[in-house]
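Overview (structure and organization)
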Amino acid sequence: EDKVVQSPLSLVVHEGDTVTLNCSYEVTNFRSLLWYKQEKKAPTFLFMLTSSGIEKKSGRLSSILDKKELFSILNITATQTGDSAVYLCAPDSNYQLIWGAGTKLIIKP
Amino acid sequence: NAGVTQTPKFQVLKTGQSMTLQCAQDMNHEYMSWYRQDPGMGLRLIHYSVGAGITDQGEVPNGYNVSRSTTEDFPLRLLSAAPSQTSVYFCASSDRDKNIQYFGAGTRLSVL
């Protein structure tokens, strides 16, 4: 059975801190892994990773995929209050996204 | 660019009532999906479609029907609403190649 585990479930840090969010997975027919950000509305797309060791970057956010050890991490540096959200990872298993429960990140000013 | 449009945004039903949640996309995406999201839980797939005329069940299909008569529209029907169907419902669409799913704004449904 396909499985996705995100950790930690929640995290509270102060503005300016760096955070690392984890996503481990076991899925059949892996195609890619996607990260989404969800504030008080619909999830919005952040990254898609398909190859191991390739670090995706977008400003203060970056992500790495390890296809051998079956995990991905999402790093956020110099956090801001606007980064407060639930972060979701979702490996694509044969064209179906398998969603983790998410990490709730709270940034305190 | 509208993207994925869901209506209504909010709905309150009485147990046993039926209703249809509407979803339309203007990106010419082949894939469309319906999810429900409950507090403390991830997104759970209700039904999905890989193209017009083709639908299939997801993880939690009971109590819901879908149809896909056009590429653009993918309505979700609640046949006889139950309190257990109180949730936030999201529609999403994606292209066949990358499968990056784009979400509608969601429908918050309460069944009393």
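For the structure itself, look to the data block above.
First things first, this report covers the structure right here in the doc. (Residues numbered from 1 in each chain as written. Chains lettered and ligands numbered in written order. Predicted model: local features only at pLDDT ≥ 70, side-chain atom pairs only at ≥ 80, totals over all residues. Heavy atoms only, no water.)

**As for the overall build of chain B**
This is how the line gets drawn: Strands here mean DSSP runs of E at least two residues long; helices mean DSSP runs of H or I at least four residues long; both are numbered from the N terminus. As a reference, a globule follows 2.2 Å times the number of residues to the power 0.38, and the radius of gyration itself is taken over C-alpha atoms. Only protein chains enter the accessibility calculation, which uses a 1.4 Å probe; a residue is then buried when its area is under 20% of its type maximum, exposed when over 50%, and partly exposed in between.
Looking only at helices and strands, chain B features zero helices and 11 strands. Going from N to C terminus, chain B has its helices and strands arranged as β-β-β-β-β-β-β-β-β-β-β. Relative to a compact globule of 112 residues, whose C-alpha radius of gyration would be 13 Å, chain B shows 13 Å and is just as compact. If one aligns the C-alpha atoms of chain B with their principal axes, the spans along those axes are about 40 × 25 × 25 Å. Relative to its full complement of 112 residues, chain B shows a buried share of 48%.

**A closer look at the nonpolar core**
As a reminder, the rule being used: Among buried residues, the Ala, Val, Leu, Ile, Met, Phe, Trp, Tyr and Cys ones that are joined through side-chain atoms within 4.5 Å form a nonpolar core. By definition in these notes, contact holds between two residues if any of their heavy atoms fall within 4.5 Å.
Ranked by size, the top nonpolar core spans 21 residues in total, and within it Leu33(A), Trp35(A), Tyr87(A) and Leu105(A) carry the most contacts. If you list the elements that add at least two residues to this core, you get β3 (19-26), β4 (30-38), β5 (44-49), β7 (61-66), β8 (71-76), β9 (85-93) and β11 (103-108) of chain A. For this core, the element with the highest residue contribution is β3(A), accounting for four residues. Excluding residues within four positions of it along the chain, Leu105(A) makes contact with Leu11(A), Val13(A), Val19(A), Ile76(A), Asp83(A), Ser84(A), Ala85(A) and Tyr87(A). Among the nonpolar cores identified, the runner-up in size contains 19 residues, and Val60(B), Leu76(B), Tyr89(B) and Cys91(B) belong to it.

**Some points on the layout of surface pockets**
Rule in force here: A cavity here means a set of points on a 1 Å grid, drawn over the protein atoms and nothing else, where a 1.4 Å probe fits but cannot get out; a pocket is an open set with protein on both sides within 12 Å along at least five of seven lines, and a residue lines either one if it has an atom within 4 Å of a point. Grid points are joined across faces, edges and corners, and a volume is the space filled by probe spheres set on the points. Any residue that is not Ala, Val, Leu, Ile, Met, Phe, Trp, Tyr, Cys, Pro, Asp, Glu, Lys or Arg is counted as polar, Gly included; the first ten are nonpolar and the last four charged.
Its boundaries defined by the atoms lining it, the largest pocket holds a volume of some 910 Å³. If you trace the largest pocket, you find 31 residues lining it, with Gln38(A), Glu39(A), Lys40(A), Gln37(B) and Arg108(B) closest to the centre. For the lining of the largest pocket, the secondary structure elements donating two or more residues are β9 and β11 of chain A together with β9 (87-94) and β11 (107-111) of chain B. Element by element, the count of residues in the lining of the largest pocket is highest for β11(B), at four residues. Per-class residue counts for the lining of the largest pocket are 14 nonpolar, 10 polar and seven charged. Estimates place the volume of the second largest pocket at around 410 Å³. Residue lining of the second largest pocket: 18 residues in total, with Asp2(A), Ile98(A), Trp99(A), Leu43(B) and Glu59(B) positioned closest to the centre. When residues of the lining of the second largest pocket are traced back to their parent elements, those giving at least two are β1 (3-7) and β10 (96-97) of chain A together with β5 (43-51) of chain B. Of the residues forming the lining of the second largest pocket, the biggest block, four residues, is contributed by β5(B). Each residue belonging to the lining of the second largest pocket can be placed in one class, and the counts come to nine nonpolar, four polar and five charged.

**Section: the sheet that holds β7(A)**
Residue and element names in this part refer to chain A. Where we set the bar: Should DSSP find at least two bridges between two strands, the strands are taken to pair. Only the stretch in contact is used when a helix axis is fitted, and all axes are lines through C-alpha atoms; the angle between N-to-C directions ranges over 0 to 180 degrees.
With antiparallel pairing, five strands are arranged side by side in an open sheet as β1-β3-β8-β7-β6. Where the open sheet ends on each side, the last strands, each with one partner, are β1 and β6 (56-58). The mean angle between the axes of side-by-side strands here comes to 15 degrees, regardless of whether they run parallel or antiparallel. For β6 and β7, the ladder comprises three bridges, and the chain directions are antiparallel. From the neighbouring strand, Ser 58 faces β7, where its bridge partner is Leu 61.

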